[in-house]
Amino acid sequence: MGECEVDGEEKLIAAANYLLQELRSGKSLSRDAKKALGSLLSELSRVVVAIPEDNNRYEGDEIETRLNLVCEKIMTREVDETMIWDLGSDAGNEFLDAVNELRVLIDRLDGTEEDVSLRKAHDVLQTAMARLEDEFKHLLVENRLPFELEHASFRSEHALGEGSFGAASTEDLILGSSNGNNNNKSRRNSEEILVRPEVISDLKSIAETMFASGYDRECIQVCTTVRKQALDEFLYDHEVEKLSIEDVLKMDWATLNTNIKKWVRVMRNIVQVYLVSEKSLLTQIFGEETCFVDTVKAPVMQLLNFGEAVSLGPRQPEKLLRILEMYELASELLPEIDALFSESSSVRGEYREVMRRLGDCARATFLEFKGAIASDVSSHPFPGGAVHPLTNYVMNYLMALTDFSQTLDSLLMEHDDVEDLTIPPSPDVMVVVEEESGYENSSSTSPEKFLAMTKHFYSITSVLESNLEEKAKLYRDVSLRHIFLLNNIHYMTRKVLKSELKHIFGDKWNRKHTWKFQQQATEYERSTWLPVLSFLKDDGSGSGSGSGSGSRSLKPRERFQGFNTAFEEVYKAQTGWLISDERLREDVRTKASMWVIQAYWTFYSRHKNSVSERYIKYSTDDLERLLLDLFAGSSKSLNNSYRR
């Protein structure tokens, strides 16, 4: 042996001693260090297994003697039903030593005339391989550790209220409460341990022996079967069913919604944790990604098939938020899928295709939602002039979609790049959008950042307002038309101001719509109280009853009588009308009170001494108190014998 060879061997021994010292010190190792040591262990095992004995040490009868001893040792274990590795790693290693020696003896006998001994050796080797296959499976099954889903914070629930789109009218949609799209992402930063660490080296030793003996396919098959079953059981335990596309398409929304929530939670954990851990486990056992794809392909495709089925279903508004959540998750996990599967893998290609279909489905569902608003026709006026279910549904829907601003905007941008809006916004809408883009430019959620979504949101509210104006025409009472529009435009404005929608619509839209509902309040006051208060003018005739008696001058007592009748008609009708927003209701009542009380007090002060008290039915205090009954949603009548 040359001087250089001696020096190299001394360095190798020194390095090995240093590694032993460090490993026995109990220090924690980094992931890179563990990976390096794993590669070293793999190489050392290869060297040891590849040259277990000096093939030239057996000669003549000694081969036969050793063969008998080795075969007896192996067959003794075959008779014993106790699993070898249950007795400890030492017992297992003794068995592997015997198998490895048998393989060496077979190599020595090969090419000789000892056919009987060679057949015997091959038979025993086959028996040993079957036993190692059982032992390998037993170790994998008995030492499997449970994989628990990490708690995932689902998007909080906001009820969208009573809608107008069929099934959507009774469903609550699951929305996100966060401003951005990242707040609810649940992720573990480390791999999960799927099999007890202390048996990894035993599994690796068995695999190396079976591979060296030409039984690599059998070893891989048993590992694939056991590990696939583990993933299947995980999905089953978390109620992820094997569903066909037809099964999914037949689901009602409540069932589908539940299944989508399961899918989102399971998909995130499986891709970010389970598959990464599975790949690591198989690499530790086999030294390479020998059977990873075969192990996980079927369960992963099961999850992807569900996503495809959802994308093929009817494009109903209540599904959009869940579909966006699925698409957003799929986009987020794409880099990890690319890292887990090779470019040629069918799983990788199918994943991208399902993600694309979910995106197309989400975009189409949103665009059809706009059309559904325009086509929502009512044949009867909504009771009491209250906030219409359509307004409630649409505004809560838009508010919910702000949780997916970046995702939705990118999807709509792709659509707008190739065709115009399905429902083109009016010129006024486009002007406001352009102005707001500049006005809100400093905001992190400005329309300039989400321009495509902003344009569509403006279009939706424009269509909604047009629809509400048509619904208002169903009321015969002009005053009730104004109350209806007041309620609904105020509701729209309040929803924008009190949510992330304010960043989408901007200040100009808010100012414009605040003016709009205030204008409706003014029109209500004029249409309701001008006819009533006309009885209290000394220079004209009352017209509250609509009798057209302008040619006849009324006496003060007749004016009191006319006012009383007109006021009672308003009271009976408008106590049944509803303004649900307390502050708005008080504002309208207060302004009505200012109109009525001031005019009534002035007329009363002028004529109280000339008109009999029996014609003066109400005091100003009575009127002020009665006006507080308006817009409570419960119709009341005043007794004709009412006296102050």
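Residues numbered from 1 in each chain as written. Predicted model: local features only at pLDDT ≥ 70, side-chain atom pairs only at ≥ 80, totals over all residues. Heavy atoms only, no water.

1. Details of the overall build of the protein chain
And then number 1: Counting its secondary structure elements, the protein chain contains 21 helices and two strands.
And then number 2: Expressed as a percentage of the 644 residues in the protein chain, the buried residues total 48%.
And then number 3: Sequence separation of 24 or more characterises 80% of the internal contacts of the protein chain that already satisfy a separation of 6 or more.
And then number 4: Working note: accessible area of the protein chain is about 32,000 Å², and carbon and sulfur atoms make up 49% of it. (Helix = DSSP H or I, 4+ residues; strand = E, 2+ residues; numbered from the N terminus. Buried < 20%, exposed > 50% of the residue type's maximum accessible area, 1.4 Å probe, protein only. Contact = heavy atoms within 4.5 Å. Areas by Shrake-Rupley, 256 points an atom, 1.4 Å probe, with all protein chains shown as cover.)

2. Overview of helix 20 (residues 582-607)
Spacing of three or four residues puts side chains on the same side of an α-helix, whose turn is 3.6 residues.
And then number 1: With 26 residues, helix 20 should reach 38 Å at 1.5 Å per residue; the first-to-last C-alpha distance of 37 Å fits that figure.
And then number 2: All buried positions along helix 20 are accounted for by L584, R585, V588, R589, A592, S593, V596, I597, Y600, F603, Y604 and H607.
And then number 3: In this structure, the buried residues of helix 20 make contact with helix 17 (478-497), helix 18 (501-533), helix 19 (556-574) and helix 21 (620-627). (Expected span 1.5 Å × (residues − 1).)

3. Details of unusual backbone geometry
The bulk of non-glycine residues show a negative phi, and the bulk of peptide bonds are trans.
And then number 1: Of note, the phi angle at E239 is positive, near 60°, even though the residue is not glycine.
And then number 2: Relative to the helices and strands, E239 resides in the loop between helix 7 (216-237) and helix 8 (245-249).
And then number 3: With a phi close to 65°, F631 is a non-glycine residue in the positive phi region.
And then number 4: You can see F631 is positioned in the segment after helix 21.
And then number 5: Of the residues examined, F631 reaches a relative accessible area of 0% and is grouped as buried.

4. Considering the pattern of salt bridges
And then number 1: On inspection of all chains with the given rule, the structure shows 26 salt bridges.
And then number 2: For E368, the salt bridge is made with R315, and the minimal N-O distance between the two is 3.4 Å. With a gap of 53 residues between them, E368 in helix 12 (residues 346-374) and R315 in the loop between helix 10 (292-312) and helix 11 (320-340) connect regions that are remote in the sequence.
And then number 3: For the salt bridge of R526 with E523, the shortest nitrogen-to-oxygen distance reads 3.4 Å. (Salt bridge = Lys/Arg side-chain N within 4 Å of Asp/Glu carboxyl O.)

5. Thoughts on the environment of V354
And then number 1: Checked against the element boundaries, V354 lands in helix 12.
And then number 2: Measuring from C-alpha to C-alpha, the distance between V354 and A330 comes to 8.6 Å, with 24 residues separating the pair along the chain.
And then number 3: When near neighbours in sequence (up to four residues on either side) are disregarded, V354 contacts L304, G307 and E308.

6. Observations regarding the confidence of the model for the protein chain
And then number 1: For the protein chain, per-residue confidence averages 82 on the pLDDT scale, and 78% of positions sit at 70 or higher.
And then number 2: The secondary structure element of the protein chain with the lowest average pLDDT is strand 2 (residues 173-174), at 39, and the one with the highest is helix 17, at 96.
And then number 3: Every residue in residues 48-57 is under pLDDT 50, and counting partners more than four places away or in other chains gives eleven contacts.
And then number 4: Here residues 418-432 is modelled with pLDDT under 50, and outside its nearest four sequence neighbours on either side it reaches 24 contacts, counting other chains as well. (pLDDT = per-residue confidence, 0-100.)

7. What to know about the side chain of E525
And then number 1: Along the chain, the position of E525 falls in helix 18.
And then number 2: Of the side chains with opposite charge, K591 lies nearest to the buried E525, which makes no salt bridge, at 4.6 Å.
And then number 3: Setting aside residues no more than four positions away along its own chain, E525 makes contact with L530, K591 and W595. (Lys, Arg positive; Asp, Glu negative; His and termini not counted.)

8. Brief notes about the nonpolar core
And then number 1: Ranked by internal contacts, the top residues of the largest apolar core, which has 171 residues, are L102, F136, F286, L401, F457, W529 and F563.
And then number 2: Excluding residues that lie within four positions of it along the chain, F457 makes contacts with F366, L398, L401, T402, L408, L501, I504 and F505. (Core = buried A, V, L, I, M, F, W, Y, C linked by side-chain atoms within 4.5 Å.)

9. Quick look at the packing of aromatic side chains
And then number 1: In this structure the tally under the stated criterion is 23 aromatic pairs.
And then number 2: A centroid spacing of 5.6 Å and a plane angle of 20° characterise the contact between Y393 and Y397, whose relative ring orientation is stacked. Of the two residues, Y393 and Y397 both sit in helix 13 (residues 389-401), four residues apart, roughly one turn of that helix. Each member of the pair Y393 and Y397 is classed as buried.
And then number 3: When the ring of Y600 is compared with that of Y604, the centres are 6.5 Å apart and the planes differ by 5°; the resulting orientation is stacked. Pair noted here: Y600 and Y604 are both in helix 20, with a separation of four residues, about one helical turn. An identical accessibility class is assigned to Y600 and Y604; each is buried.
And then number 4: Put simply, the rings of W529, F560, F563, F567, Y600, W601, F603, Y604 and Y618 pair up and form one aromatic cluster. (Phe/Tyr/Trp six-rings, centres within 6.5 Å; stacked < 30°, edge-to-face > 60°.)

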